[in-house]
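One letter stands for each residue in the lines below.
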Amino acid sequence: MIMALLLGFAFISGLVTILAPCIWPLLPIILSSSVAGGQTSHHKPLGITLGIMLSFAVVTLAISTLVKLLHFDPNVLRLFAVIVIGFLGLTMVIPPLSQFTEGLISRLVGLFGRSGQTQRSGFGGGFITGLSLGIVWSPCAGPILAAIATLAATGQVTLSVVLVTIAYVCGIGIPLFIFAYGGQQILARTKAIASHTGRIQQVFGILMLLTALAIYTNYDKYLQAQFLNAFPQISSGLTNIEKNDAVTQQLNILKGATQTTPHLSVDSDNGLFNTNTPAPDFMGITHWLNVPDGSTPPTIKSVRGKVVLVDFWTYTCINCIRTLPFTTSWYEKYKDQGFVLIGVHTPEFEFEKDTTDVAQAIKMYKITYPVAQDNNYATWNTYGNQYWPAEYLIDAKGIIRRTHFGEGEYDQTEKAIQELLKEAGKNVTTKLSSMSDQTPQSEISPETYLGSQRMQYYYPDGSLDNGKQTFMLTDTPPVNSFSYGGEWTINDDDAVAGKKASLSYTFTASKVFIILRPMGNKNPKVKVTLDNKQLTSDNSGADVQNGEITIDQDRLYNILDFHGKTETHTLRLDFETPGTAAFTFTFG
């Protein structure tokens with residue numbers, strides 16, 4: 001029953017996508033392709049619609065697997081789309097080329113029989129156009145499509161995922177076909193327009209050529225990002241229909257989460273407790289750390305009768321690092337009174353899966369409680385978690401009573417721990433820890449990813465495709481933007497420095513961090529300058545010596561520190577040794 005509800009919402013989500021700005025760039029191409037050649041039958045609009053549906057579904061579900069199996073650059077598909085759209089544009093601008101192409105298609109169709117030649121050629125041409133459009137189209141992803149994309153990227157494509165995808169593309173197809181066929185009929189039957197059909201087709205052809213150029217240069221993504229930034233309410237308004245409890249519950253099941261029990265009543269008058277849900281167990285743990293040899297790793301059942309805090313973290317996350325002094329102090333303070341703390345280390349990047357590196361981080365941050373390596377996101381999905389850090393406070397009966405995501409609210413969390421210990425019959429002090437909250441209180445620059453998969457602040461295009469590229473550095477990009485210079489290889493999660501590689505970023509913060517990884521070279525160095533000046537002892541971060549970072553391992557490096565003062569500057573990094581991988585900037 002619930003699965004049917006999810007299929008219904010996926011279909012509705014596809015239907016309303018026609019109203020989203022992310023599909024608007026496709027509509028003129030769909031309309032122009034539908035009227036090309038002067039046909040007024042439904043065959044070409046149908047071909048375009050089915051082509052978009054098929055290629056979008058296949059690319060969404062299978063592209064990650066195909067790339068891994070065949071080892072090809074996914075940008076080849078985008079280039080194919082550019083060639084097809086550009087060529088179709090040329091046929092509309094140059095009538096003799098259009099006649100030649102139609103004749104060629106007719107002869108090819110004739111090889112399979114003469115019946116219905118024109119209709120089938122119209123369908124075939126439209127289908128090829130639709131295939132190319134489906135490859136380059138990136139919808140405004142709501143919760144349903146985001147879940148599909150995530151599962152496909154991690155190889156978790158099940159029959160349910162396929163069915164939800166089919167429901168979504170069917171929803172997309174209906175309004176697209178109505179638009180393509182209806183637009184074709186209106187243009188063909190309006191006398192004032194019909195007399196200028198040739199000129200109109202040439203205008204459409206120029207539009208298609210410009211679109212092909214925009215796709216080739218990635219300018220289409222930049223324009224879409226700028227529009228969504230200017231009018232975020234349009235996209236968010238359309239995705240709100242998916243954000244109800246029933247859909248969220250079914251999406252958790254789709255992603256492998258088992259926390260499907262409905263929330264019970266919240267039982268707090270003081271705001272400490274915000275949920276009341278049975279706690280799921282730890283699933284798919286690849287390795288346990290800080291568990292004595294010969295001891296059995298903890299389970300939710302084995303710690304029943306104690307108050308438990310489950311803390312999701314990863315060792316390069318600055319937000320997690322600022323939380324750790326509080327979690328470690330709570331453990332030491334309350335562990336003898338029936339309090340258990342279990343860290344779940346779920347990696348954000350591939351290199352964070354290494355057990356040795358996690359063990360080093362545990363030692364660095366003086367963590368003495370058990371830590372589970374959740375390398376395959378099994379426990380993350382079981383809890384339905386989405387954040388680093390995330391805390392789930394469980395009472396002595398095994399019920400999650402409080403959740404908190406991100407930094408802050410440390411006093412409230414400690415008070416909640418004390419209240420649950422009292423419920424369990426323990427005598428605890430009400431005095432709270434005296435550590436100061438290091439959560440930034442002023443507006444600072446956002447976390448900035450340097451790999452293509454989550455890149456959004458690259459100047460001037462917003463994002464980049466994968467591959468080796470040579471860049472011209474912008475010395476002073478706009479605030480909260482970065483620029484590449486020299487040779488870089490852009491990957492999903494990182495960017496690897498090549499010859500004369502440099503990086504500039506204009507930021508607002510009190511502290512600046514970057515995740516770096518040495519790739520084969522021993523202790524590569526990165527030169528750091530600020531506003532085109534050498535660093536001083538007043539602004540150098542803890543990991544900078546004499547204006548340079550020495551990269552000794554995969555980790556988070558503190559490169560600038562203004563000692564509590566939030567300031568705006570332009571940072572420049574010069575990578576003196578090729579082969580260093582840069583992942584993300586974070587700020588404090």
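Residues numbered from 1 in each chain as written. Predicted model: local features only at pLDDT ≥ 70, side-chain atom pairs only at ≥ 80, totals over all residues. Heavy atoms only, no water.

How should the sheet that holds strand E7 (residues 399-405) be read in this particular structure?
As a general point, the strands of a sheet are linked pairwise by backbone hydrogen bonds and lie either parallel or antiparallel. Strand order in this open sheet of seven strands is E1-E7-E6-E3-E4-E5-E2, and the pairing throughout is mixed. The open sheet terminates on both sides in strands that have one partner only, identified here as strand E1 (277-278) and strand E2 (287-289). Sheet contacts for helix H17 (residues 410-423): strand E3 (307-313), strand E4 (339-345), strand E6 (390-394) and E7; angle to E6, the most-contacted strand, approximately 20 degrees. (Pairing = 2+ DSSP bridges. Helix = DSSP H or I, 4+ residues; strand = E, 2+ residues; numbered from the N terminus. Contact = heavy atoms within 4.5 Å. Axes fitted to C-alpha atoms, helices over the stretch in contact; angles between N-to-C directions.)

I'm lost on H17 in this one. Help?
If you check H17, its first and last C-alpha atoms are 20 Å apart, about what 14 residues at 1.5 Å a residue would give, namely 20 Å. At its buried positions, H17 is contacted by E3, helix H14 (318-334), E4, E6 and E7. Looking one or two places after H17, you find Gly425, whose phi comes out positive at around 90 degrees. (Expected span 1.5 Å × (residues − 1).)

Is there a simple way to explain the packing of aromatic side chains in this structure?
What describes a pair of aromatic rings is the distance from one ring centre to the other and the angle between the planes of the rings. One pass over the full model with this rule turns up 33 aromatic pairs. Plain terms: the ring middles of Phe177 and Tyr181 are 5.8 Å apart, the flat faces sit at 5 degrees to each other, and that makes the pair stacked. With Phe177 and Tyr181 both in helix H8 (residues 159-189) and four residues apart, this pair spans about one turn of that helix. A relative accessible area of 30% means that Tyr181 is categorised as partly exposed. Ring centres 6.5 Å apart and planes at 75 degrees place the aromatic pair Tyr315 and Phe351 in the edge-to-face group. One end of the pair, Tyr315, is in the loop between E3 and H14; the other, Phe351, is in the loop between E4 and helix H15 (355-364), and 36 residues separate them in sequence. In this structure, Tyr315 and Phe351 share a single accessibility class: buried. Taken together, the aromatic side chains of Phe312, Tyr377, Trp380, Tyr383, Tyr387, Trp388, Tyr392 and Phe405 make up a single cluster linked through ring pairs. Directly above the ring of Phe273 sits Arg401, whose terminal nitrogen or CZ lies 4.7 Å from the centroid. (Phe/Tyr/Trp six-rings, centres within 6.5 Å; stacked < 30°, edge-to-face > 60°. Buried < 20%, exposed > 50% of the residue type's maximum accessible area, 1.4 Å probe, protein only. Lys NZ or Arg CZ within 6 Å of the ring centre and 35° of its normal.)

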